[in-house]
Amino acid sequence: EEITEKDVICERGGKSNRHAGTKRYRGMIERFKPQYQSMTTKTAKTNLSKKIISQIKENGGRFLKKVEKSQKYYVLTPVETTKKVSQAM
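Nothing here was measured: the structure is a model prediction, and the numbers come from that model.

Concerning the nonpolar core
Ranked by internal contacts, the top residues of the largest apolar core, which has 15 residues, are Tyr-25, Ile-52, Phe-63, Val-85 and Met-89. Breaking this core down by element, the ones donating at least two residues are helix H2 (20-38) and helix H3 (42-58). It is H2 that contributes the most residues to this core, five residues altogether. Residues within four places of Met-89 in sequence aside, it is in contact with Ile-29, Phe-32, Lys-33, Tyr-36, Gln-37, Leu-48 and Ile-52.

Next comes the structure, spelled out in structure tokens:
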């Protein structure tokens, strides 16, 4: 599948950092980070992560990661996505 400008590329380095969807996602993370860090329960933090994921998906975006062997991208599972967003916070 083609990567769109709405997708979030989950990898380190240049291409993902310059990608429009990833930039938009990083902006969201920065906006929500203070709220996330002030939360005291894991449930509240997970719910905020899921809210960010929903906003990306409602905008037509996906969270993608490259498989090194094939150099193809795959869509992260909901569990992988939630973990990724929580780690970014």
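Let us keep going from here.
Re the packing of aromatic side chains
A full pass over the atoms with the stated rule returns one aromatic pair. Plain terms: the ring middles of Tyr-25 and Phe-63 are 5.5 Å apart, the flat faces sit at 90° to each other, and that makes the pair edge-to-face. Of the two residues, Tyr-25 is situated in helix H2 and Phe-63 in strand E2 (residues 63-67); the sequence distance between them amounts to 38 residues. Considered together, Tyr-25 and Phe-63 belong to a single accessibility category, that of buried residues.

How each quantity is defined
- Residues numbered from 1 in each chain as written.
- Predicted model: local features only at pLDDT ≥ 70, side-chain atom pairs only at ≥ 80, totals over all residues.
- Heavy atoms only, no water.
- Core = buried A, V, L, I, M, F, W, Y, C linked by side-chain atoms within 4.5 Å.
- Buried < 20%, exposed > 50% of the residue type's maximum accessible area, 1.4 Å probe, protein only.
- Helix = DSSP H or I, 4+ residues; strand = E, 2+ residues; numbered from the N terminus.
- Contact = heavy atoms within 4.5 Å.
- Phe/Tyr/Trp six-rings, centres within 6.5 Å; stacked < 30°, edge-to-face > 60°.

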